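Residue-level structural notes
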Amino acid sequence: MRDISGTILFYKSMSSDNVKGLVLALSSSFFIGASFIVKKKGLKKAAASGIRAGSGGYSYLYEPLWWAGMITMIVGEIANFAAYAFAPAILVTPLGALSIIISAVLAHIILRERLHTFGILGCVLCVVGSTTIVLHAPPEREIGSVREVWDLATEPAFLFYAFLVMVAVVILIFHSIPQYGQTHIMVYIGVCSLVGSLSVMSVKALGIALKLTFSGTNQLLYPQTWAFTIIVAICVVTQMNYLNKALDTFNTAVVSPIYYVMFTSLTILASIIMFKVI
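In this report, the structure presented in the accompanying data block is examined. (Residues numbered from 1 in each chain as written. Predicted model: local features only at pLDDT ≥ 70, side-chain atom pairs only at ≥ 80, totals over all residues. Heavy atoms only, no water.)

As for the overall build of the protein
Looking only at helices and strands, the protein features 11 helices and zero strands. Of all 278 residues assigned to the protein, the portion counted as buried reaches 49%. Across the protein, the fraction of contacts at a sequence separation of at least 24, relative to all contacts at a separation of at least 6, is 81%. Counting every atom, the protein has about 13800 Å² of accessible surface; 72% of that belongs to carbon and sulfur. (Helix = DSSP H or I, 4+ residues; strand = E, 2+ residues; numbered from the N terminus. Buried < 20%, exposed > 50% of the residue type's maximum accessible area, 1.4 Å probe, protein only. Contact = heavy atoms within 4.5 Å. Areas by Shrake-Rupley, 256 points an atom, 1.4 Å probe, with all protein chains shown as cover.)

Next comes the structure, spelled out in structure tokens:
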């Protein structure tokens, strides 16, 4: 009874927007978790008749199964995008832990990728850590226009963070990947996670812009909205490219949790710097 009353108290303490964001984020995890498996199947099928993605090939673009996985991921990302419009990134991003469980279980059943004891323990720890973050997520900062988000993104602290991210990504792409991409999973995942931390901040800005626009305050007139759109497009294409390489080279049950942990950690760090949520 105490646990039930505590849960009810938790939901009552959340704003209606946070609850909407919570539901959207959970549904997003189901789609994204499943998409990893479908894309992996597509990558394997494409590799049988062309150059593997891990070797720099793009034959998977002609594989319908890969596109089915991509569409599933897009649906999940749309739900995730909408979640960022209603809830803070520090609450939404950790809920991706659910996608780890889904992808790990499906990888074991469908792809026959064995999940060892430490892998199971890692998944459990991800969920426990994510739940702790969600239960203690701070209230979201009120944003009145996309220009306010732009002002936050152009403050010295966040610009310095973005500069460090870009330098690290360039080093990984041009130095580390040619040498270690096929043997060290952290190289591909590092690129995806670093770029992802910037994309989430831009997605958050776009989500706020659309939310305000639908509320009657048109944000599409501001050039900052389109600047964030361009940043999102560049970041997403980069993430997808190197995530495909990671999935093609390493086991899904390994890629998914490592990507989640790095991506979530860097997103929380970026949120703290940009939105000053702590």
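Read on for the rest.
Points about the pattern of salt bridges
Taken as a whole and assessed by the stated rule, the structure comprises one salt bridge. Among the salt bridges present, the one from Lys45 reaches Glu63, with a minimum N-O distance of 3.9 Å. Separated by 18 residues along the polypeptide, Lys45 in helix 2 (residues 16–47) and Glu63 in the loop between helix 2 and helix 3 (64–86) bring together distant segments of the chain. A relative accessible area of 10% means that Glu63 is categorised as buried. (Salt bridge = Lys/Arg side-chain N within 4 Å of Asp/Glu carboxyl O.)

Observations regarding the packing of helix 8 (residues 156–180) against helix 9 (residues 185–214)
Running from N to C, helix 8 and helix 9 cross one another at 155 degrees; their axes reach a closest spacing of 9 Å. In terms of axis orientation, helix 8 runs roughly antiparallel to helix 9. Two packed elements cross with a definite hand, and for helix 8 against helix 9 that hand is left-handed. In contact with Phe158, Tyr161, Ala162, Val165, Ala168, Val169, Leu172, Ile173, Ser176, Ile177 and Tyr180 of helix 8, helix 9 contributes Val187, Tyr188, Gly190, Val191, Leu194, Val195, Ser197, Leu198 and Met201. Tallied by class, residues from the contact of helix 8 with helix 9 come to 17 nonpolar, three polar and no charged. (Axes fitted to C-alpha atoms, helices over the stretch in contact; angles between N-to-C directions. Parallel < 35°, antiparallel > 145°, perpendicular 65-115°, else oblique. Left-handed = near helix turned anticlockwise from the far one by under 90°. Nonpolar A, V, L, I, M, F, W, Y, C, P; charged D, E, K, R; others polar.)

Re the layout of surface pockets
A volume near 900 Å³ is recorded for the largest pocket. Surrounding the largest pocket, 39 residues form its lining, Met73, Glu77, Val236, Gln239 and Met240 being those nearest its centre. Counting only elements with at least two residues in the lining of the largest pocket, the list comes to helix 2, helix 3, helix 5 (97–109), helix 9, helix 10 (223–249) and helix 11 (252–275). Considering every element that reaches the lining of the largest pocket, the biggest residue donor is helix 3, with 10 residues. Residue composition of the lining of the largest pocket, by class: 27 nonpolar, 11 polar and one charged. In this structure, the second largest pocket encloses a volume near 440 Å³. Lining the second largest pocket are 19 residues, and of these Ala162, Met166, Leu198, Ile231 and Cys235 sit closest to its centre. Contributions of two or more residues to the lining of the second largest pocket are made by helix 7 (146–153), helix 8, helix 9 and helix 10. The greatest single-element share of the lining of the second largest pocket, amounting to six residues, is contributed by helix 8. When grouped by side-chain class, the residues that make up the lining of the second largest pocket number 16 nonpolar, three polar and no charged. (1 Å grid on protein atoms, 1.4 Å probe; cavity = no way out; pocket = protein on both sides within 12 Å on 5 of 7 lines; lining within 4 Å. Points joined across faces, edges and corners; volume = space filled by probe spheres on them.)

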